[in-house]
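Each chain, letter by letter, is given below.
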Amino acid sequence: MAEFLDFCLSYLGIHLPEPVVVVAAIVIGVLLIIAPLLLAVAYLTYAERKVLALMQLRKGPNVVGPFGLLQPIADGLKLLTKETIIPAGANRVLFIAAPMLTFVLALVAWAVIPVSEGWVLSNINVGILYLFAISSLGVYGIIIAGWASNSKYAFLGALRSAAQMVSYEVSIGFVIITVLVCVGSLNMTDIVKAQAGPLFGVVPWIPGWFVFGPLLPMFVIFFISGLAETNRSPFDLVEGESELVGGYFVEYSSMVFALFYLGEYANMLLIGATTTVLFLGGWLPPLNIAPFTWVPGIVWFALKVSAVMFGFLWVRATFPRFRYDQLMRLGWKVFLPFSLLWVVVIAGGLVAFGLVPTRPL
């Protein structure tokens, strides 16, 4: 990006110091990520309401704009005009900081997500560790929100959500380890490139994405754990109406509530993008032949993320909410031992057949 920006400025006869060009390139790259992401978050809420309406034989948003397409904008304007109410006994600084932390963490994780060949803000060699570390910090925003609200309902909802997120992050960690063992690199771009070509290098009409191989069970675990990680149905135990009302954000209103709302949907998109990179071949086309190769990589990436998001919405329209004991049992007694077993099976298979990647971790 910096080289391209320097070339453009030189072409226009503008010469700036190298540090200024580098900073400007980083700012432009951040804006190119955040602007489409915010637009995608807004219209993911619209898509969710439309998909749920179709599955429940309703119409969904259809008044504001053609086909209701301006509904997300109307919702945003409504929230902007609402009063921000802070409870009398709340910690004002932490009460405001918690939703900001949640929203910012949902955005900064996108720095290492490659959306196409060479289209990544920071192509670091430990990208997957950075992603896992940032996603793990999301629990702090929830804990702070529940404690700062000075409400028993909010605090109990925060504890529920924290326990849920920590429990399923363990399984997600083993899933990521399995993928890394197969790739031999922590770089997100290398993970995508490792899935190029046909399945096992010999099956011509099936892409070599990890979802079609022995890692299929890990894909299922990652998808379900992603639902729990983002507090989505059927694991939305935070919003147990009968006992906790709205959970950790029950005391929030107006734009501070909107930041939690946007953070949840941004995390959904992040899980969809991570699933695409780890298991669905990232920006790679299904087959490396025309006309599939004519489509830009970013379009394939967007289509795959959209498919994962549709799965999230489909699950919400289909499954009832779990009980909390069922949620924790699934994470600790099913996913954890199975994912650990599958790490051993995959690693043992790679060693036994001499397929261990030669690239150093």
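Provided above is the structure to which this section pertains.
Residues numbered from 1 in each chain as written. Predicted model: local features only at pLDDT ≥ 70, side-chain atom pairs only at ≥ 80, totals over all residues. Heavy atoms only, no water.

Caption draft 1: Structural detail: the nonpolar core. Counting residues in hydrophobic clusters, the biggest one holds 68 residues, and the most contacted among them are Ile-113 and Phe-279. Once you skip the residues sitting within four places of it in the chain, Ile-113 turns out to touch Trp-119, Val-120, Leu-131, Met-188, Leu-270, Ala-273, Thr-274 and Phe-301. (Core = buried A, V, L, I, M, F, W, Y, C linked by side-chain atoms within 4.5 Å. Buried < 20%, exposed > 50% of the residue type's maximum accessible area, 1.4 Å probe, protein only. Contact = heavy atoms within 4.5 Å.)

Caption draft 2: Local environment of the pattern of salt bridges. Tallied over the entire structure, the rule returns eight salt bridges. Between Arg-49 and Asp-75 there is a salt bridge whose closest N-O contact spans 2.7 Å. In this pair, Arg-49 sits in helix 2 (residues 18-55) while Asp-75 sits in helix 3 (residues 71-81), placing the two residues 26 residues apart along the sequence. Bridged by salt links that share partners, the residues Glu-48, Arg-232, Glu-264 and Arg-316 form one connected network. (Salt bridge = Lys/Arg side-chain N within 4 Å of Asp/Glu carboxyl O. Helix = DSSP H or I, 4+ residues; strand = E, 2+ residues; numbered from the N terminus.)

Caption draft 3: Up close: the packing of aromatic side chains. One pass over the full model with this rule turns up 19 aromatic pairs. A centroid spacing of 4.9 Å and a plane angle of 85° characterise the contact between Tyr-248 and Phe-249, whose relative ring orientation is edge-to-face. Through pairs of rings, three or more aromatic residues link up here, namely Phe-95, Tyr-248, Phe-249, Tyr-252, Phe-257, Phe-260, Tyr-261 and Tyr-265. (Phe/Tyr/Trp six-rings, centres within 6.5 Å; stacked < 30°, edge-to-face > 60°.)

Caption draft 4: View of the packing of helix 5 (residues 127-148) against helix 9 (residues 254-279). Where helix 5 contacts helix 9, the axes come no closer than 12 Å and their chain directions differ by 160°. The angle between the axes of helix 5 and helix 9 places the two elements in the roughly antiparallel class. Like other packed secondary-structure pairs, helix 5 and helix 9 cross with a definite hand, here left-handed. Residues Ile-128, Leu-131, Gly-141 and Ala-145 of helix 5 form the contact with helix 9, whose own contacting residues are Phe-260, Leu-270, Thr-274 and Leu-278. Taken together, the residues that form the contact of helix 5 with helix 9 break down as six nonpolar, two polar and no charged. (Axes fitted to C-alpha atoms, helices over the stretch in contact; angles between N-to-C directions. Parallel < 35°, antiparallel > 145°, perpendicular 65-115°, else oblique. Left-handed = near helix turned anticlockwise from the far one by under 90°. Nonpolar A, V, L, I, M, F, W, Y, C, P; charged D, E, K, R; others polar.)

Caption draft 5: Quick peek at the side chain of Ser-167. Position of Ser-167 relative to the elements: it lies in helix 6 (residues 152-183). Judged by relative accessible area, which is 3%, Ser-167 ranks as buried. From its side chain, Ser-167 meets the backbone oxygen of Ala-163 in a polar contact 2.6 Å long. Not counting residues within four places of it along the chain, the set of residues in contact with Ser-167 comprises Met-328 and Trp-332. (Polar contact = N/O pair within 3.5 Å; in protein donor to acceptor, adjacent residues only side chain to side chain.)

Caption draft 6: Looking closely at helix 5. Compared with the 32 Å implied by 1.5 Å per residue over 22 residues, the 33 Å span of helix 5 between its first and last C-alpha is a close match. When helix 5 is considered as a whole, its buried residues turn out to be Gly-127, Ile-128, Leu-131, Ile-134, Gly-138, Val-139, Gly-141, Ile-142, Ala-145, Gly-146 and Ala-148. On the buried face of helix 5, the contacting elements are helix 4 (92-108), helix 6, helix 7 (188-193) and helix 9. Note on helix 5: the residue one or two positions beyond its end, Asn-150, has a positive phi of about 55°. (Expected span 1.5 Å × (residues − 1).)

Caption draft 7: Summary view of the packing of helix 5 against helix 6. The geometry of helix 5 relative to helix 6 is characterised by a closest axis approach of 8 Å and an angle of 175° between their N-to-C directions. Between helix 5 and helix 6, the interaxial angle falls into the category roughly antiparallel. Residues Ile-128, Phe-132, Ser-135, Ser-136, Gly-138, Val-139, Ile-142, Ile-143, Gly-146 and Trp-147 of helix 5 touch helix 6, and the partners they reach there are Ala-154, Phe-155, Ala-158, Leu-159, Ser-161, Ala-162, Met-165, Glu-169, Ile-172, Gly-173, Ile-176 and Leu-180. Split into classes, the residues belonging to the contact of helix 5 with helix 6 amount to 15 nonpolar, six polar and one charged.

Caption draft 8: A look at helix 10 (residues 297-318). Taking 1.5 Å of rise per residue, 22 residues should cover 32 Å, and helix 10 covers 32 Å from first to last C-alpha, within 8% of that figure. All of the buried residues along helix 10 are Gly-297, Trp-300, Phe-301, Lys-304, Val-305, Val-308, Met-309, Gly-311, Phe-312, Leu-313 and Val-315.

Caption draft 9: Focus on unusual backbone geometry. A cis geometry characterises the amide bond from Ser-233 onward to Pro-234, with omega recorded as 10°. Inspection of the secondary structure assignment puts Pro-234 in the loop between helix 8 (216-229) and helix 9. For the bond running from Ala-290 to Pro-291, omega is 0°, close enough to zero to count as cis. Residue placement: Pro-291 occurs in the loop between helix 9 and helix 10. With phi around 60°, Phe-67 is a residue other than glycine that occupies positive phi space. The exposed category is assigned to Phe-67, whose relative accessible area is 65%. With a phi angle near 60°, Asn-231 is a residue other than glycine that sits in the positive phi range. As for its position among the elements, Asn-231 is in the loop between helix 8 and helix 9.

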